[in-house]
Amino acid sequence: MSDIDIRQLSKSYGAYQALKSIDLHIPDGALLALLGPSGCGKSTTLQLLAGFDTPSGGEIRAGGELISSPQRVVPPERRGISLVFQNYAVWPHKTVAENVAFGLKLRKLPRAELDARLSKALEAVRLTPLRERYPFELSGGQQQRVALARALAVEPRILLLDEPLSNLDAHLREEMRFEIRRVHDELGITTVYVTHDQGEALVTADEVAVMKGGIVQQLGSPEDIFERP
Ligand code: ADP
Ligand code: ADP
């Protein structure tokens, strides 16, 4: 586990400043929502957290270690970070268990360790009974739980969720929201949750950073943010 410290982080694409100067501290084990309309800089922030891109200025530290600055970008696979995207990205020709084990196989873990981690991750999202099924046999919510289990299996210190519910219908969205909260309460992994949906941020997050035009406009508990007139 680890905290995340973002200081004066900026990112320009050519002459366009997508992030102007972001300061954010995410305590160890917290679940922070990055909330804001399309184009406000949420994905850019997430890309920098993941190590997919280089900031134009400022820095990001995880557990005190410098992981992103204009001079230094620790590659994604060395950050202890897992991602879940909106479009699940599960492999259709692999079973649930094979999907979840994928990242573990890349790490060449001993068989017993791999099996133990696989079982733990499947159990965490309550997919154990479906482990031999294929994605086409699952609902959208179950497929999203496969993606979540795959992210958890590598035991990340940080979890990044990019609009994880936006491909689900209203009923499944609610179920998955509850699932994410439950898994977070159980495992306590430091989590950044990107969404444009206020309701999602309100019920899921401990803390909400409201972004607008490349800055963090407001930061506080869901109650602080949403109870204001
Ligand atoms: P959000 O995730 O909140 O919708 P983004 O971080 O994707 O916002 O985008 C912030 C701004 O930066 C937008 O105006 C977007 O058009 C711009 N942008 C994002 N990525 C690129 C890129 N690779 N090249 C040029 N402009 C980009
Ligand atoms: P241990 O492996 O000794 O149980 P851990 O700190 O690894 O200790 O895990 C504590 C509990 O958290 C485990 O019992 C398990 O239920 C859950 N857990 C930890 N890591 C994961 C993971 N990657 N996927 C699913 N569950 C996990």
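Calculation criteria
Residues numbered from 1 in each chain as written. Chains lettered and ligands numbered in written order. Predicted model: local features only at pLDDT ≥ 70, side-chain atom pairs only at ≥ 80, totals over all residues. Heavy atoms only, no water. UniProt positions renumbered as here; feature names shortened; annotations may be inferred. Helix = DSSP H or I, 4+ residues; strand = E, 2+ residues; numbered from the N terminus. Buried < 20%, exposed > 50% of the residue type's maximum accessible area, 1.4 Å probe, protein only. Lys, Arg positive; Asp, Glu negative; His and termini not counted. Salt bridge = Lys/Arg side-chain N within 4 Å of Asp/Glu carboxyl O. Contact = heavy atoms within 4.5 Å. Core = buried A, V, L, I, M, F, W, Y, C linked by side-chain atoms within 4.5 Å. 1 Å grid on protein atoms, 1.4 Å probe; cavity = no way out; pocket = protein on both sides within 12 Å on 5 of 7 lines; lining within 4 Å. Points joined across faces, edges and corners; volume = space filled by probe spheres on them. Nonpolar A, V, L, I, M, F, W, Y, C, P; charged D, E, K, R; others polar. pLDDT = per-residue confidence, 0-100. Near = heavy atom within 4 Å. Polar contact = N/O pair within 3.5 Å; in protein donor to acceptor, adjacent residues only side chain to side chain. Areas by Shrake-Rupley, 256 points an atom, 1.4 Å probe, with all protein chains shown as cover.

Identification of the chain as Iron(III) transport system ATP-binding protein from Ancylobacter aquaticus is taken from an unreviewed UniProt entry. Within the UniProt record for the chain, the comment given under Subcellular location (unreviewed entry) is "Cell inner membrane". As its UniProt record puts it under Sequence similarities (unreviewed entry), the chain is described as follows: "Belongs to the ABC transporter superfamily."

1. Focus on the side chain of Asp162
Considering the arrangement of structural elements, one finds Asp162 in strand S7 (residues 158–162). Despite being buried, Asp162 has no salt bridge partner; Lys42 is the closest side chain of opposite charge, sitting 7.6 Å away. Setting aside chain neighbours within four positions, we find Asp162 in contact with Leu46, Val84, Phe85, Gln86 and Val194.

2. Some thoughts on the nonpolar core
Counting 42 residues, the largest nonpolar core has Val100, Leu148, Leu152 and Val208 as the members making the most contacts within it. Secondary structure elements with two or more residues in this core: strand S3 (31–35), helix H2 (96–106), helix H3 (111–124), helix H4 (140–153), S7, helix H5 (170–187) and strand S9 (207–212). At seven residues, the largest contribution of residues to this core is made by H4. Those residues in contact with Leu148 that sit more than four places away from it in its chain are Val84, Val125, Leu159, Leu161, Met176, Ile180 and Val183. With 26 residues, the next largest nonpolar core counts Leu19, Leu24, Leu49 and Met211 among its residues.

3. Some points on empty space enclosed by the protein
On inspection of all chains with the given rule, the structure shows one cavity of 30 Å³ or more. A volume near 80 Å³ is recorded for the largest cavity. Lining the largest cavity we find Leu31, Leu148, Leu152, Leu159, Leu161, Ile180, Val183, His184, Leu187, Ile189 and Thr191. For the lining of the largest cavity, the elements supplying multiple residues, two or more each, are H4, S7 and H5. Sort the elements by how many residues they give to the lining of the largest cavity and H5 lands first, with four residues. Taken together, the residues of the lining of the largest cavity break down into nine nonpolar, two polar and no charged.

4. Re the confidence of the model for the chain
Of the residues in the chain, 98% have a pLDDT of 70 or more, and the chain-wide mean is 92. Here the predicted complex carries an ipTM of 0.62, next to a pTM of 0.84.

5. Details of the site of ligand 1
As a matter of local geometry, ligand 1 sits amid Tyr13, Tyr16, Ala18, Pro37, Ser38, Gly39, Cys40, Gly41, Lys42, Ser43 and Thr44. Within the backbone of Gly39, one N or O atom sits 2.6 Å away from an oxygen atom of ligand 1. Here an oxygen atom of ligand 1 and a backbone polar atom of Cys40 are 3.1 Å apart. When the free accessible area of ligand 1 is taken as 560 Å², the share hidden by the protein chains comes to 59%. Among the elements of the structure, strand S2 (16–26) and helix H1 (42–50) are those that each provide at least two residues to the shell around ligand 1. When residues of the shell around ligand 1 are assigned to their parent elements, the largest contribution, three residues, is made by H1.

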